[in-house]
Amino acid sequence: MKRSRSTTRFGAFIRRHTLLVGLVCALIPLAILLVVQLGWLLRLEKAQAIAHTAALDGFLGTVSTKVEYFYRETAERTLNLPASLFAQGRLEKAAYYWKQRPAKGVKRLFLVDFTREEFGNFLAFDPDKSTLYTPAASDESLAMILAANPFHMLNWRQRGLDSAALTVDERSPDNRIILNPILDDGGRIVGLAGMILDEEFFRKRLLPGVIDKTLAAYFPSAPKDELAVVVQDGGGNSSVRVGEAEGRDVTAKARLGFVFTDWTMALYTPRASPQQLARAGFVFNVSLAGLLALALIGGVALALRAANRAVKLSTMKSDFVSNVSHELRTPLASIRVFGELLRLGRAQDPGKVREYGEYIEAESRRLSRLIDNILDLSRIESGRKEYRFVDTDVCELVAGVIRTFEVRLSREGFRIAFDQRDEPLPPLMADPDAIAQAFHNLLDNAVKYSGASKEVAVSLAGANGSVVIAVKDFGIGIAPDEQRKVFDRFHRVGTGLVHDVKGSGLGLSIVRHIVQAHGGTVEVESEPGRGSTFTMVLPAGPREST
């Protein structure tokens, strides 16, 4: 019940301040958009910096990876020789293999045989004669000996390896070597296959080609002269240049991996142009303006809707005042007429006096009901309507309300058929006055809209642990599109014969509130020209007063 009261108060506040709520609803999205915009800009600034740095680092990392892939693939294809060639002394087969599949980017291929000599037999490959020969003393042969020395020590100590893996030796910058250890079935090193890299090939062909392709892949929309890459060797000399670096800033640096690890790559890019910044700002401002426009349109639409609703409500209230005035005048006129007749002594017969008194009492009750409806509407809207639940004899309550209609109905020629089932009703905890008021409003409606039928049917029964009270008339009925609106306050059907019947437009709204406060439902079934049936379903069981 507390929740129902709070909900009612909130709904009443919304109805009274619809225009204010509409303006607030228009301003809140604007404020949220501005806050979100600021946060978005801050996050965007950081994200762009991170993404830009990641893209540049990724570019340099890709160049290094492609270089590594080239040399690994070349070494694995060229240096993977069977151990049987060393064990069986058939190393000339290696020369034949290297002749059939020449390796790019290699200055010299060589072998080290640990199966014949204690310190290893060094053999170099002559591509012109397709033979192996013992190299003379030179920087190359010295680089071979230095690179093979760690494996010679392992072999001398009779230590094997778990698996063969490529090894790079760059102690001599002019003779960078990739070695592949050859292992027998027991993991013992029986020999080495190696290659001395061709630095000129790397500098003039491989690295520039890799950089060009990677630039095109990473920066497809950038003009070719906008980006530049400069690669420096271990001595700090610019060995490779792709693009013009003068006048540009270094935005990323990285060293090569695997081989030529002392070489450094530097990427040069220009600062963002004013045109690019203006374009980004334009796109952002257009997007923001679109969002603000949508919010404003929504706010205006809501304000217009609220204003339209206020106009409709004002019209309904005007109709209400007019109808209530008529409803008040009718019983007052009857009371005045019968009062004057009694005052003037026109009724001498005791029976007539009693009849006039009954008329006055009935019209007074009718007037009281109308005033109660108006007061109850005020209490409902302000959340001050209270209910006191007690054990209620529904049958006696319904019969009592019907008796209050007898004088008025007999004068107007109406007949009420009251159908009560034989089975006992479930015990009902209810507010007797509120239920009587709701039933009275339904009965009053049925009488008003019965038209020429002059007949109303009332039924009382129990079903599924609930008490069901139904009031049926055989009059003008309600159109389907109006049926869901008849329980709204001040609502009156705007067309047909229904509109010609005077009423306050409060009765059914109060009925719905009373029934819902009792945890029940009220429903209507109607068909134009065949009448309407209003049904109140009140669940039985204990309830707390509110």
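Look above for the structure.
The model shown is predicted, which means the values in this text are computed figures rather than measured ones.

Caption draft 1: Here's a closer look at the overall build of the protein. Counting its secondary structure elements, the protein contains 13 helices and 17 strands. Residues counted as buried form 41% of the 546 residues belonging to the protein. Intrachain contacts of the protein at a sequence separation of at least 6 include 67% that bridge at least 24 residues. Carbon and sulfur atoms make up 55% of the accessible area of the protein, which totals about 30500 Å².

Caption draft 2: Looking closely at the packing of aromatic side chains. Applying the stated criterion to the full structure yields twelve aromatic pairs. Ring centres of Phe260 and Trp263 lie 5.2 Å apart, and the angle between their planes is 75°; on these two criteria the pair is classed as edge-to-face. With relative accessibility at 0%, the residue Trp263 sits in the buried group. Aromatic ring contacts, followed pair by pair, group Phe70, Tyr71, Phe201, Phe202, Phe260 and Trp263 into a single cluster.

Caption draft 3: Summary view of the packing of helix α10 (residues 432-448) against helix α13 (residues 507-517). Where α10 contacts α13, the axes come no closer than 9 Å and their chain directions differ by 145°. Relative to α13, the crossing made by α10 is left-handed. Counting all contacts with α10, which are made through Ala434, Ile435, Gln437, Ala438, Asn441, Leu442 and Asn445, the residues of α13 involved are Gly507, Leu508, Ile510, Val511 and Ile514. Counted by class, the contact of α10 with α13 contains eight nonpolar, four polar and no charged residues.

Caption draft 4: Seen up close, the sheet that holds strand β1 (residues 106-113). An order of β3-β2-β1-β6-β5-β4 is seen for the six strands of this open sheet, with the pairing classed as antiparallel. Only two strands of the sheet have a single partner each, and these edge strands are β3 (131-133) and β4 (167-169). Adjacent strand axes in the sheet meet at a mean angle of 30° when their direction is disregarded. Looking at chain direction, β1 and strand β2 (residues 121-126) are connected through four bridges and run antiparallel. What sits directly across from Val112, in β2, is Phe122.

Caption draft 5: Representation of the side chain of Thr78 within the structure. Residue placement: Thr78 occurs in helix α2 (residues 18-79). Judged by its relative accessible area of 1%, Thr78 is buried. In this structure the side chain of Thr78 is engaged in a polar contact, spanning 2.8 Å, whose partner is the backbone oxygen of Thr74. Here Thr78 is in contact with Tyr97, Trp98, Ala103, Leu109 and Met195, once residues within four sequence places are set aside.

Caption draft 6: Seen up close, the pattern of salt bridges. Inspection of every chain in the model, using the stated rule, returns twelve salt bridges. The closest approach of N and O atoms between Glu199 and Arg203, which form a salt bridge, is 2.4 Å. Taken together, the residues Glu199 and Arg203, both in helix α6 (residues 199-218) and four residues apart, mark about one turn of the helix. In this structure, the salt-bridge partner of Glu527 is Arg530, at a minimum N-O distance of 4.0 Å. Three or more residues are tied together by salt bridges with common partners; here these are Glu170, Arg176 and Asp262.

Caption draft 7: Local environment of the sheet that holds strand β7 (residues 228-232). In space, the four strands of this open sheet follow the order β8-β7-β10-β9, with antiparallel pairing throughout. Each of the sheet's edge strands pairs with one partner strand only, and the pair in question is β8 (238-242) and β9 (249-255). Averaged over all adjacent pairs, the angle separating strand axes in this sheet is 20°, with direction ignored. Judged from the four bridges that link them, β7 and β8 form a sheet pairing that is antiparallel. Directly across from Val231, in β8, lies its bridge partner Val240.

Scoring rules and cut-offs
Residues numbered from 1 in each chain as written. Predicted model: local features only at pLDDT ≥ 70, side-chain atom pairs only at ≥ 80, totals over all residues. Heavy atoms only, no water. Helix = DSSP H or I, 4+ residues; strand = E, 2+ residues; numbered from the N terminus. Buried < 20%, exposed > 50% of the residue type's maximum accessible area, 1.4 Å probe, protein only. Contact = heavy atoms within 4.5 Å. Areas by Shrake-Rupley, 256 points an atom, 1.4 Å probe, with all protein chains shown as cover. Phe/Tyr/Trp six-rings, centres within 6.5 Å; stacked < 30°, edge-to-face > 60°. Axes fitted to C-alpha atoms, helices over the stretch in contact; angles between N-to-C directions. Left-handed = near helix turned anticlockwise from the far one by under 90°. Nonpolar A, V, L, I, M, F, W, Y, C, P; charged D, E, K, R; others polar. Pairing = 2+ DSSP bridges. Polar contact = N/O pair within 3.5 Å; in protein donor to acceptor, adjacent residues only side chain to side chain. Salt bridge = Lys/Arg side-chain N within 4 Å of Asp/Glu carboxyl O.

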